[in-house]
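Read off the chains here:
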Protein chains: 2
Amino acid sequence: MDCLMSRIVTVAAAQLGPIQRAEGRESVVARMIRLLERAQQRGAQVVVFPELALTTFFPRWYCENRDEADGWFETSLPSPATQPLFDAIKRYGLMVYLGYAELAWEPDEQGVVRKRRFNTSVVIAPNGEIVFKYRKVHLPGQAEFAPYRKVQHLEKRYFEVGNLGFPVVRTPVAPGLEVNMGMLICNDRRWPEAWRVLGLQQVELVMVGYNTPSLNHENQGFEAHHLRVQNSQLSVQAGCYQNATFGVSVAKAGKEDGHELFGHSIIVNPQGEVIALAASWDDELVVADCNLAMCDLGRNTLFNFAKHRRPEAYSRIVEQTGSVAPAQWKPSF
Amino acid sequence: MDCLMSRIVTVAAAQLGPIQRAEGRESVVARMIRLLERAQQRGAQVVVFPELALTTFFPRWYCENRDEADGWFETSLPSPATQPLFDAIKRYGLMVYLGYAELAWEPDEQGVVRKRRFNTSVVIAPNGEIVFKYRKVHLPGQAEFAPYRKVQHLEKRYFEVGNLGFPVVRTPVAPGLEVNMGMLICNDRRWPEAWRVLGLQQVELVMVGYNTPSLNHENQGFEAHHLRVQNSQLSVQAGCYQNATFGVSVAKAGKEDGHELFGHSIIVNPQGEVIALAASWDDELVVADCNLAMCDLGRNTLFNFAKHRRPEAYSRIVEQTGSVAPAQWKPSF
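If you're wondering where the values come from, they're calculated on a predicted model, not measured in any experiment.

Each value, and the rule that gives it
- Residues numbered from 1 in each chain as written.
- Chains lettered and ligands numbered in written order.
- Predicted model: local features only at pLDDT ≥ 70, side-chain atom pairs only at ≥ 80, totals over all residues.
- Heavy atoms only, no water.
- Least-squares fit on C-alpha atoms with pLDDT ≥ 70 in both.
- Contact = heavy atoms within 4.5 Å.
- Phe/Tyr/Trp six-rings, centres within 6.5 Å; stacked < 30°, edge-to-face > 60°.
- Helix = DSSP H or I, 4+ residues; strand = E, 2+ residues; numbered from the N terminus.
- Buried < 20%, exposed > 50% of the residue type's maximum accessible area, 1.4 Å probe, protein only.
- Pairing = 2+ DSSP bridges.
- Axes fitted to C-alpha atoms, helices over the stretch in contact; angles between N-to-C directions.
- Polar contact = N/O pair within 3.5 Å; in protein donor to acceptor, adjacent residues only side chain to side chain.
- Buried area = accessible area lost by both parts, 1.4 Å probe.
- Salt bridge = Lys/Arg side-chain N within 4 Å of Asp/Glu carboxyl O.
- Nonpolar A, V, L, I, M, F, W, Y, C, P; charged D, E, K, R; others polar.
- Parallel < 35°, antiparallel > 145°, perpendicular 65-115°, else oblique.
- Right-handed = clockwise from strand over helix to strand, strands pointing away.
- Core = buried A, V, L, I, M, F, W, Y, C linked by side-chain atoms within 4.5 Å.
- Left-handed = near helix turned anticlockwise from the far one by under 90°.

Description of the relation of the copies chain A and chain B
No. 1: For the pair chain A and chain B, the best superposition has an RMSD of 0.0 Å and corresponds to a rotation of 180° with a translation of 0.0 Å parallel to the axis. The transformation relating the two chain copies, once decomposed into turn and shift, fits a two-fold axis.
No. 2: When the interface residues of chain A are mapped onto chain B, 100% of them again fall at the interface, so both copies present the same face.

Considerations on the packing of aromatic side chains
Residue and element names in this part refer to chain A.
No. 1: Within the structure shown, the criterion is met by 22 aromatic pairs over all chains.
No. 2: For the ring pair tyrosine 241 and phenylalanine 303, a centre distance of 5.1 Å and an interplane angle of 85° mean the geometry is edge-to-face. A residue pair is termed long-range when its members are at least 10 positions apart, and tyrosine 241 in helix 5 (residues 227-243) and phenylalanine 303 in the loop between helix 6 (295-300) and helix 7 (305-308) qualify at 62 residues. The exposure classification of tyrosine 241 matches that of phenylalanine 303, with both residues buried.

Notes on the sheet that holds strand 15 (residues 327-328) of chain B
No. 1: What the seven strands build is an open sheet, ordered 13(A)-12(A)-9(A)-8(A)-7(A)-6(A)-15(B); its pairing is mixed. The open sheet has two free edges, formed respectively by strand 13 (274-277) of chain A together with strand 15 of chain B, since each of these has just one partner strand.
No. 2: Here strand 7 (residues 177-185) of chain A runs beside strand 8 (residues 205-210) of chain A; their pairing, made up of five bridges, is parallel. Within strand 8 of chain A, the residue paired with A:Gly182 across the bridge is A:Val206.
No. 3: Helix-sheet contacts for helix 4 (residues 192-199) of chain A involve strand 6 (168-174), strand 7 and strand 8 of chain A, and the interaxial angle to strand 7 of chain A is about 160°.
No. 4: Of the strands in this sheet, strand 9 (246-251), strand 12 (266-268) and strand 13 of chain A are in contact with helix 5 of chain A, which crosses strand 12 of chain A at around 25°.

Notes on the side chain of B:Arg196
No. 1: By secondary structure assignment, the location of B:Arg196 is in helix 4 (residues 192-199).
No. 2: Residue B:Arg196 is classed as buried on the basis of its relative accessible area, which comes to 1%.
No. 3: A distance of 2.6 Å separates a polar atom in the side chain of B:Arg196 from a polar atom in the side chain of A:Glu193.
No. 4: Ignoring any residue separated from it by four or fewer positions in sequence, one finds B:Arg196 in contact with A:Trp191, A:Pro192, A:Glu193, A:Ile317, B:Gln242, B:Asn243, B:Phe305 and B:Arg309.

A few points about the interface of chain A and chain B
No. 1: Counting residues at the interface gives 85 residues for chain A and 85 residues for chain B.
No. 2: Counting the surface lost from both chain A and chain B, the interface buries some 8000 Å², and carbon and sulfur atoms represent 62% of this.
No. 3: Along the contact surface separating chain A from chain B lie four salt bridges.
No. 4: With its nearest N and O atoms 2.5 Å apart, the salt bridge here joins B:Glu193 to A:Arg196.
No. 5: Where chain A meets chain B, there are 38 residue pairs in polar contact (both at pLDDT 80 or more).
No. 6: By residue number, the principal contributor to the side of chain A that touches chain B is helix 5 of chain A, which donates eight residues.
No. 7: Looking at the side of chain A that touches chain B, its residues break down into 41 nonpolar, 28 polar and 16 charged.
No. 8: As judged from the two bridges shared by strand 15 (residues 327-328) of chain A and strand 6 (residues 168-174) of chain B, these two strands associate in the parallel manner.

Some points on the sheet that holds strand 14 (residues 284-291) of chain B
Residues and elements named next belong to chain B.
No. 1: One open sheet accounts for six strands, arranged 5-4-3-2-1-14; its pairing is mixed. Two strands close off the open sheet at either side, each with one partner strand: strand 5 (130-135) and strand 14. Between one strand axis and the next, the sheet turns through 35° on average, direction left out of account.
No. 2: Pairing analysis gives five bridges linking strand 4 (residues 113-124) to strand 5, with the strands arranged antiparallel. Directly across from valine 123, in strand 5, lies its bridge partner phenylalanine 132.

Quick word on the packing of helix 1 (residues 25-41) of chain A against helix 2 (residues 83-92) of chain A
Residue and element names in this part refer to chain A.
No. 1: Here helix 1 crosses helix 2 at 5°, and the two axes come no closer than 9 Å. As summarised for this structure, helix 1 and helix 2 are arranged roughly parallel, according to the angle between their axes. Contact residues: helix 1 offers Val29, Met32, Ile33, Leu36, Glu37 and Gln40, while helix 2 offers Pro84, Leu85, Ala88, Ile89, Arg91 and Tyr92.
No. 2: Looking at the contact of helix 1 with helix 2 residue by residue, the class counts come to nine nonpolar, one polar and two charged.

Here's the deal with the pairing of strand 1 (residues 8-15) of chain A
Residue and element names in this part refer to chain A.
No. 1: Counting buried positions over the eight residues of strand 1 gives seven, a clear majority of the element.
No. 2: In this sheet, strand 14 (residues 284-291) lies alongside strand 1 in antiparallel orientation, the contact comprising eight bridges. Paired with valine 9 across the bridge in strand 14 is cysteine 290.
No. 3: Following the chain from strand 1 across helix 1 to the adjacent parallel strand 2 (residues 46-48), one finds a crossover that is right-handed.

Thoughts on the pairing of strand 8 (residues 205-210) of chain B
Residues and elements named next belong to chain B.
No. 1: Judged by how many residues are buried, strand 8 sits mostly within the fold: six of six residues are covered.
No. 2: Neither face of strand 8 is open: one carries Leu205, Met207 and Gly209, the other Val206, Val208 and Tyr210, and all of them are buried.
No. 3: Taking the sense of rotation as the criterion, the β-α-β connection linking strand 7 (residues 177-185), helix 4 and strand 8 turns out right-handed.
No. 4: Pairing between strand 8 and strand 9 (residues 246-251): six bridges, direction parallel. Residue valine 208 lies in a different strand from strand 9, and its bridge partner there is serine 249.

Quick notes on helix 4 of chain A
No. 1: Of all eight residues in helix 4 of chain A, eight are buried, a share of seventy percent or more.
No. 2: All of the buried residues along helix 4 of chain A are A:Pro192, A:Glu193, A:Ala194, A:Trp195, A:Arg196, A:Val197, A:Leu198 and A:Gly199.

A word on the nonpolar core
No. 1: Counting residues in hydrophobic clusters, the biggest one holds 128 residues, and the most contacted among them are A:Val46, A:Met207, B:Val46 and B:Met207.
No. 2: Ignoring anything within four residues of it in the chain, the contact list for B:Met207 reads B:Val46, B:Val48, B:Tyr97, B:Val123, B:Met181, B:Gly182, B:Met183, B:Leu184 and B:Val248.

Structural notes on the pattern of salt bridges
If charged atoms from side chains of opposite charge come close, those side chains can pair.
Residues and elements named next belong to chain A.
No. 1: Under the counting rule described, the total for this entry stands at 50 salt bridges over all chains.
No. 2: Residue glutamate 23 pairs with arginine 31 through a salt bridge whose shortest N-O separation is 3.1 Å.
No. 3: The exposure class of glutamate 23 is partly exposed, given its relative accessible area of 21%.
No. 4: Taken together, the shared-partner salt bridges connect Asp108, Glu109, Arg114, Arg116 and Glu160 into one network.

A look at the packing of helix 4 of chain A against helix 5 of chain A
Residues and elements named next belong to chain A.
No. 1: One can describe the packing of helix 4 onto helix 5 by two numbers: an axis separation of 10 Å at closest approach and a directional angle of 30°. One finds that helix 4 runs roughly parallel with respect to helix 5. For the element pair helix 4 and helix 5, the recorded crossing hand is right-handed. On helix 5, the residues touching Trp195, Arg196 and Gly199 of helix 4 are Ser235, Val236, Gly239, Cys240, Gln242 and Asn243.
No. 2: Taken together, the residues of the contact of helix 4 with helix 5 break down into three nonpolar, five polar and one charged.

This is how it looks when you write it as structure tokens:
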């Protein structure tokens, strides 16, 4: 490695242990502040928290009237409860990815201002400003109570599909060091389309928060439980490799309201290697130096998109939503 | 597993050891026939050979005049040299993926009939008919001699970009057993767009042949050699998992004309697991029973495309070829 070419950003995955339904934001924010303090001690410049980091993973709970769930949402950021988090971000001089449930009064596609709910993440700058916002596009689960499930997964009930695309923003994190940052949330990480849209904007650091149950309650017969973590890592590793980017994928871990979330937060380099792993089921910080110069190999050779991509062959990706049956062959004799 | 729901197709990866430049098609075809015989003994119904299976990987050799390379191309299939392969396919009753260099006199985009060259694969039915054809879309390497490379990789010189899209064809392989088959060639396997276009046509078995050097002669400083195999597998495993399909990825392996190809052919299930691996550097057959019912879990739940994909957020994938610089953020104070 040529030191003159190095562009090192020090990244922390700030995994959270379980947040029980009864635990208040003040308690959670205090836990997050301890992780920020530790991040500063470890020399981190960028800290990534999980999806919906301020509350329990409430989409497992069914509310017939959606408004009853409003207590799990943020109507402003910072709020009185989250102001201490913003104060700590300033105190420690960190750039922070924060996932939360967002309640906004906004015009919808028809121009009517109404109450809207999104599964959202923001990047918060060391000065407390919001650098940019992302709203989750790939919402898993159901919109209605599913009697066949032992545990509900109601993201399609509580959230609208994100309407901000997949933005990438070039963000200064230190004098002379700017990072092309992108965000995904949880299930988005399994969708190569999402990674590619970020890659097409020269992303260098993809930040992902997640809450993923250790058991798939959709299981219809063939999924080995131990593959749940493996396939999460597989998706992040492939996304990083195929887009020549670093990735940091951060869990809520452990038994939350009686239901296990699988943890295993990772930091991944542009060759798809896991360079840091959180192996506890609790609040835990893992840190890695990410040399952004490593993004150059992929994007100048194998994944030089301008040279090698063939969009004319990809039209089904945007022209179809679901799959279609293929042509059928019959032997002529 | 519910036996009543099983739809098992027995698939063989027929890896080839090196084919030296001096080795004639007759010798190669004889080696391939021995693998077909072994496939029949092992109960295989579908056999997958590598990319450019009939010759050495000739794009490492520079010909100033492209016509001098014509001896490496097939002008008809079968030909006198490949007829014994077709005879063996009939004799053993197999469905076979064959990669080869195709020379065709065909109209180009301007309607002018001229000599055209493609990196091609076909599926050959047990009755000897060609079921369908694919021409490689993602051609790596250069069109001109690259003086900085110790070994050339001239696919962009010898081949035109494939013009048949990524077809999937529902193909009978036994009474009551039809398989949605798709094909990729070598470098295509690293491109999630290619996998997704197959997935959007309900592919159940993706067949890939490859010739991949153990050393990256584009290496500009950061690629560990041992990652070459790992990242090939990563791409196939992610492609299978994210499209709920089986995959069979088959190498030419060993030292060919002095240059090592990395082997490690695999069969992968829809959960991204490697269920068979060729670990020699020679002609080798590995076989796996692929229960197509395993494709259902992914496509009915997490990767139910109709429910979860959001094409309106993917437009960059077809509207851009290369990447574009992101927006820049500056703090307001």
